[in-house]
Structure formats: structure tokens, C-alpha cells
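Tertiary structure, described
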Amino acid sequence: MIENTKCECGHNNPIGTVLCEHCGRPLDEGYSNEKLDKEMRYEGKARRSLTYQSSIIDQVWNFFSSVKIAIVLIVITLIMSGIGTIFPQEQFIPSSSPNTYYEQTYGTLGKWFYQLGFSDMYSTWWFATMMSMIGISLVVCSLDRVIPLYRALKNQKVTKSTVFIERQRISVQQAVSEGENTNQIDELAEKLSSKRYHVRKEKDALLAEKGRFSRWGPYINHIGLIIFLVGILLRYLPGWNLDDYVWVQEGQTVRVPQTQYYVKNEGSTVEYYKETEKSQKGPVVRKYRTKAVLYEKNGSGKLIPVTQKSILVNDPLDYQGLKLYQSDFRAGDLTGLNLSIMDRKTNQNLGVFSVDLSNITSSQIYKVGNLQVKIKDYYPDFAIENNVPVTKSQDPNRPAFLFETMEKNQPKGENSLVISGMDFPNPETNKYNIQLAGFDMVNTAGLMVRIEKSLYIYLFGGIVSMFGLVMGFYWQHRRVWVRIVDGKLYMGAHTNKNWFALRRELSQIGFSHLVKETEK
Amino acid sequence: MTTIMNNLLYGTFIFYFVSAIVFIVVATNTKKRSQRWGKIAVTLGIAGVVIHIGFMITRIVIGGHFPTSNMFEFIAFLCFALVVAFIVIFAIYRSYVLGAFVMPLAVVLLAYAAVFPRDIQPLIPALQSHWLYIHVTTAALGQGAFAVAFVAGLIYLIYQVGSGAKQKHAKYLEMTLVVMVMFLGFSIASLLFQTFGYQASFTHQIEDNQIVEEYHLPPIVAPNDSKAVEVSSFLGFKGPLFETPSWMKGEHAASKFNSVIWGIVVGLILYAIYRLIIRKNLYQLLYPLVKKLDPELLDEISYRGIAIGYPLFTLGALIFAMIWANEAWGRPWGWDPKETWAFITWMFYSAYLHLRLSRGWVGMKSAWLAVGGFVIIMVNLIVINLVISGLHSYA
Ligand code: HEM
């Protein structure tokens, strides 16, 4: 830290200043060119982090304003993310018990992976901590630099110390004949203007500048990133974010989980590419489509339709931020059976009745002509174990019924067992035969239910970021200082990046030796 | 129409190839005449790009969608992006030597692309979105610029190590070059076996489904727990030496792993032959091409490649990716492996930019970082494919 901050030109600089705010002269002659080159980034201004270093607040400030720390944070985050892809994240594993899955599938390494939290790393506290630290660092380091930089760039002096000019990375000195001073300056000013520099002149000095706005690029980019991170943080607010799932059969209306809405499936279809239908690899799906109607329940409990849409993959239903995505499709769920009753002797069809599998009660009576049929027993997934009929599950994979068929005014009827997909021999004494006449099948749509209120915040942050990036990377801040003192012309030039183009530009206005032989 | 398309593809390949050769000739030639040849090399490269565009247009006409939906199409597009990025950077810096390294890389990339099945596949519903090509093309253009930065970095390293200034780095540089030879070796081997119609296939179970795994290279390694269906013999070599470990789960993981092994083996054989004939390190062979260059300029070109690529990559691989993911999968970001590696790539280049800007990492360090970034991109393209099956169609 330099004690004496008063420059030879008489200007009093704040403590921590490297280049005099007024004339640009290095306040310590001993600084290396490298150090000065680096300091040009913030115009040699005093920054808070370099000025105050004693209190705790100062130290925290300094910690977060350090780019070195920022890089360490970035590198740690990227290494952790890399480790997180060694095995799949929990949401991608085909199992609902990750505590056993990782060890069973991947052995000891998998166990550690799970226990250290890598299996669901993006919701761990330490990943959130890393993100927050990067966020804090972004805010602090931008503030630390942008304010002094803004002040410095706003108050640039045209006449700079020759020491400052001499010590720029590009710098030239030429002899000028007596009396040519103003001519020289005017001529250079004109040439620089034609290269679209903004030129300011003073008696024996000139400052040409272009693309200054690009210096704000990185800061605008960082602001965009901060906005983005705020969007992520907001997700922790209740109700900000919803991620659920619902299956809806054709014809059904079900509640959209965690909301007051209901959704009806008016038909789910799958289409295939014609040309692939006969290929050996099997048909390729062209479209999954679900016609959905969204209802809201009003005060008296009635469902009022609010919107409807044919949901496609890549084209969700969107109602005030609630989105329903076509996510899964199940074809041909069995919902009902049609059965016909035959007279055994005459083989005459006496009529048909249909059974709705989702609504079977023991008191239900099906009327067919003069007959009444009652379901005495229902086995959705029929099997015989130890000579006893049982059901293996509640899914109608192989429905079987024990019917009782009664003639009118008879207290007791005859029993017959009907098993779908099987011709079960009922007793010879039965008068009637019940046969399968057809299936009722429906498709079922799996809809993803999402609310993500941060969406527009992300988008806004992303756009801001992109503006900053384009500003910062596709333009550069170039400056040329010229000063004539004692018959000598001093020219110094600086750019924040892309020195080659600056050299070429200067060579075109007469400093041709600035371009190296190999670059011509 | 399909013949036109195929001819355009071959045309692209030939133009890139000839352009590469002319660039190399220019780089080795010291005489005045080379200026004119340099112009010819660039013109050939640009003609190649035009034909490449023609190829993509015919493919759109036939398939009805932009060709970035499977591995062949994506790598071919990456090759296109590389050449476009090179032409842009060439327009700024006029470095013919850069072309002598970039164009051969483009040729190898296109050859590598051709290894994958080239038929036009119909788009599954998740891919039916304009965001598919908006996202993929911008991301790939960014990667193309990164690839140019990688090449410039590599030339910088060859210059510094070759001139004897940085002997400590010689070993690592040579290793990097050998890996590139493996890449080349793999492309050559695959194309040869493809030309002769080599076939092998295995069946195995993945989650209750019987899967047939096709091989286009003789199987050194078979899928985990599989049965051979047919294996053509190759120089008497009939069968797999071992099986893949069970954690390799990606679609076609086994045949891809087999390809990697082939790449390594063929690459090492090529390198061994080279060392027997020319008793020099590869970087010593390449040094004369680059020795007239200005290292500071190379450093700047490499940085410029990244400076051009970084905003494009941010836009394509993060912002557009999120917009699309939100439409297709109902969430802007899901930490799918491919997404995570895009994030890692982006963070890596962010670190590069900060290191360069604030820590003064220029020259050797910066060049190695440019190489490292490209390695990460390749990891995303090849390794992630092999090990993990993700949501991306060419994951
Ligand atoms: C993921 C997080 C970050 C990203 C993507 C990012 C991105 C960038 C980019 C693209 C630049 C412009 C570089 C150039 O012009 O070559 C930049 C500059 C910079 N970044 Fe970051 N940054 C991040 C985090 C941080 C953090 C946490 C800090 C805090 C110490 C920081 C400090 C800086 C500084 C000081 C500059 C130079 C600004 C100038 O030109 O004066 N960055 N950043």
C-alpha cells in the first residue's frame, strides 16, 4: 500500500489508487509494466477490496470480491457436477428406493455416491450453498469494481502524463518538427474519426475512444446471472413451484393434484409414421395427443370448464401458469366387458349385457330379456392356486366372474364361471351359457402437472445475460492517447481485448511498424 | 433425390479434404507463390461449406426436418460449424497455418460422422419442435468456435514445445496428439469395415426386452450377458474376448465401447508404424509447419475462438436448451447427463475467461485450457453416450 497518494501533477488521490486519477501517472515508479497492464482493467482506481482490509465485514467483502475465490467456486461446482453424472440421478433410476438401489446396482462406490448425497445432488444443502456463494460473489465483486470503473471512465482527462502513455502496451514516440504540433494532432484526430473513434482534443493532446459501452458487458452479464439465481431461490417459496403427475383414462375426470382444478380426458390417441408401420424395428410414433378439458370447481361444488386443448408433446395446455404436459400414454386399458347369454339347447342368443369393471357391486343386477344376472364373485386377475380361484392383483389383466343367472320370479339361479380368454366348462346341467362378446378398451394419458412461476425470471435473466455477453465479447473498448511534448509525439493505445485488431487499425493510420511482419 | 444428397455429402468430403491438403502445402511452402495457393485453399473450403449447405437442404427436403436429430447428423453439423467458425476467424487473422490444422480435423470429424447410421429417421414426438434445430445449431456453432480455439491452442503448444522452449510439456502434448491419432484410426477402421460390409450381432436383455445389438467392427467386446447371433470372421478372428461391465447401460453402449477399443488399438498401431518410419515425436514432425508463426497471435486467435464461441454456446446450450426442455419435458432444467455436461462445459469456459482476465493466464496455461475445454466437449459427445442413456436422442 502506498502512503503518498498525492501525484506530481498535484492531484490528491484516494488511498489504494495505482494510476493517478488526473494524469494517469503511476503513483509508484517501481510498478512493473505487467502490473500496470492489469491495473488498466479498472483504470488504476482504488477499489474497496484493496482499500479496507481490517474489519470482519471488510474481510468478508474481500473474500467475495476476489476473482480467485470466484474461480475456485466455479471449479468446485463443475467438478461436483461431473461426479454427479457418474451414476444416474435419483429421478432417472428405475426404482423408488434409492437407499438400496445404488448399493445393489453399483456396489460400494454406489453406496458412497448415495450417502454423500451425489444421487440427488442438486437438492442438497451443499449444492445450494455453492450456488448462493457464487451469487453473493457476483453481487459483491460487481459492486466492488463497477462503481470505481464508472467514475473513472466518466471523468477521463484528455491530457495524460507521458509516463502513462509510454507505459501502455502499444506505445510509440516520434520526433515532430517545431510548429507542426497542432497540424499533427488535427491530422491524427481526423484519421481516428474516420475509424469511428470519438476524439477529444486539447492543446497538445488527444484522446480517441470507441466501444466504451462494451466495458459494461461483463457487469450486465453478471446482473443477468444474479436475476437468474434469484429465480432459482424463489422456488423455495411455497406455491411457487409444482411438479406432479396424473393419469387420466379416456372419459374420466380427475382432480389435478395439489390444485382446485379437474381435468377430463376426451380422447387420447397415438399416431404412427405410415412408412414405419411395417418395418422390422416396429412402428415409430408420430404423435401422442390428448384432448383435455380443464374444469374449475366453483363455490357450490359444480365443475365449470375453463379451457380445453389438444395436448401434444412439445405443446402443453397452459392455463394461467398451470401446465399439463403429454408425458405418457397407455393404450388399451380394459374398462368393460360385453357378455352374451345363449340358450344352450337352441344355441339362441338371448341378449347382451356389459359390465363396467371400474364399478362392480354385489347388488348390481343386469337384466337380459326375462333373465337377471348377478355377479357373485369377481377376480380381476384370475388364477387358480391350490384348487381355489384367486386374484393375483386388482388390475383387470384376466378378469373372471362367477355369475348367477336367474329366471324371472325364481329365487335361485344357476352359477356359471366365465374366465376371459378361456373356455371354462360349466356344469352340463346349466341351461344358459355366458360368453364373451367383446371388450371395452380405453387409452390412458399420463399428464405431467407443472407450475413454475420463475420461468419469466429465468428468461429475463437469460436475455440480460446475453446482452451483456454480446456487448462484452463482440465489441472492444479501444483508446488512443496522443501527446506532443518538447518536439516529441507520444502515442499510447489500449484495448480491453483483441490487440491484433487495434494494431492493425493503428497501422492503417500511419503507425505501420506496429504490425509485425507475420501478421501482414 | 437420395442420390443427389449422397453425392453432395461425398462432394463436401472431397472439397474439405482437398482444401486441407492445399492448406498444408501452403503452410510448408516458403515461397511467394503460396499466397495464391492460400486463396485457393480458402476458396475450396468455402465451396465445401456451400456444398455442405446443399447437402443439408436436400436432407431437409427428403426428411422434412432439419438434420440435427441423430448422431450422424449432429456430428456432420459440428463439422460444418467448425469450418464456418474457421472461415470467420480466418477472415480476421488470415492465418493459413490454422487452416492446415482445422481442415484436417474437419475431414476426420466428417469421416467420424459417417460411421453412424446415415438413414433419415422420422422424428419422435419429443423432437418435433423448432427448438430442436434452433437449440442444436447454436450450441454446435459455439462448439465449432471452441474447436477452432482448441486447434489454435494446440498449434501454440506445438510452437512452444517444438522450439524447445517448454520441454516440460512435451510428454503431455505428444499424448494429446496420440489421442487425436486414435480418433483418426477409428474413423479409418470403421469406414474400411463399413465398405466391406462387416456384420456382427448379439442379443441381450435390457429391462425385460430382448435387444439385438449390431456391430460394424469385429467384436473385441460383447454386450454384457449376451448371445452371439452372427459374427463374420475377420482374418480368422471370430469372437469377443470379453464382455462389457454391467454398468455400461447406454443404448448400443457395447458396440460403442467396442469402437473405442478399436480406436485405441488402431491409433496405437498407426502411431507405432509412424515412430518406426520417422523417429521423431509427432510435435517435432509438425513443428516446421508452425515455426514462422507469432506465438502471441496464436494465443490471441485461441482466445478469440472462445470469445466468439462463449456467447453462442450460452445462448444455444443453456438458454435455448432451457426454453425447449420446458416445452418438451415440462421443466427448464433437469440435470440429465447431457445437460449437466453442457453446464460443466460452460462453467469450464467461464473459469477460463476469469483466469485469463484476472489471473493473467495467457500462453501455455491458456492453450492447455483451450485443449481441456475441447476434451470436455468430446467427453460429452462420446463418453456420456457410452455409459449413460439419457433423454437426448443422440445421447
Ligand atoms: C457462473 C458464474 C459466472 C459467469 C458465467 C461469469 C461470466 C463472466 C464473463 C463472460 C466475463 C467476461 C470475461 C471477458 O470479457 O473475457 C466475466 C468477467 C468478470 N467476472 Fe464473471 N462470471 C461468473 C461469476 C463471477 C464471480 C462469482 C465473480 C466474482 C468475483 C466474477 C468476477 C468477474 C470479473 C471481475 C470480471 C471482469 C469484469 C471486467 O471486465 O472488468 N465473475 N464474467
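Residues numbered from 1 in each chain as written. Chains lettered and ligands numbered in written order. Predicted model: local features only at pLDDT ≥ 70, side-chain atom pairs only at ≥ 80, totals over all residues. Heavy atoms only, no water.

**Side note on the interface of chain A and chain B**
In this assembly, 61 residues from chain A lie in contact with 59 residues from chain B. Summing the contributions of chain A and of chain B, the shared interface buries around 4800 Å²; its carbon and sulfur component is 65%. The interface formed by chain A and chain B holds one salt bridge in total. Put simply, Glu-296 of chain B and Arg-503 of chain A hold a salt bridge, and the shortest N to O gap is 3.4 Å. For the pair chain A and chain B, the number of links is eleven residue pairs in polar contact (both at pLDDT 80 or more). At nine residues, the largest contribution of residues to the side of chain A that touches chain B is made by helix H4 (residues 67-84) of chain A. (Contact = heavy atoms within 4.5 Å. Buried area = accessible area lost by both parts, 1.4 Å probe. Salt bridge = Lys/Arg side-chain N within 4 Å of Asp/Glu carboxyl O. Polar contact = N/O pair within 3.5 Å; in protein donor to acceptor, adjacent residues only side chain to side chain. Helix = DSSP H or I, 4+ residues; strand = E, 2+ residues; numbered from the N terminus.)

**Section: the site of the ligand**
What surrounds the ligand is a group of 28 residues, the closest being Arg-41, Cys-141, His-222 and Lys-497 of chain A together with His-354 of chain B. Taken together, the residues near the ligand originate from chains A and B. A distance of 2.5 Å separates an oxygen atom of the ligand from a polar side-chain atom of Lys-497 of chain A. The side chain of His-354 of chain B places a nitrogen or oxygen atom 2.6 Å from a nitrogen atom of the ligand. At the level of secondary structure, the elements contributing two or more residues to the shell around the ligand comprise helix H3 (56-65), H4, helix H6 (125-154), helix H9 (217-234) and helix H10 (455-474) of chain A together with helix H9 (295-328) and helix H10 (337-358) of chain B. In terms of residues, the shell around the ligand owes the most to one element, H10 of chain B, which gives six residues. Its residues assigned to classes, the shell around the ligand comprises 18 nonpolar, seven polar and three charged. (Near = heavy atom within 4 Å. Nonpolar A, V, L, I, M, F, W, Y, C, P; charged D, E, K, R; others polar.)

**So, unusual backbone geometry**
The phi dihedral of Asn-347 of chain A falls on the positive side, at around 60 degrees, and the residue is not glycine. With respect to the helices and strands, Asn-347 of chain A occurs in the loop between strand S10 (322-343) and strand S11 (348-356). Of note, Arg-94 of chain B is a non-glycine position whose phi angle comes to about 50 degrees, a positive value. Classification of Arg-94 of chain B as exposed rests on a relative accessible area of 53%. (Buried < 20%, exposed > 50% of the residue type's maximum accessible area, 1.4 Å probe, protein only.)

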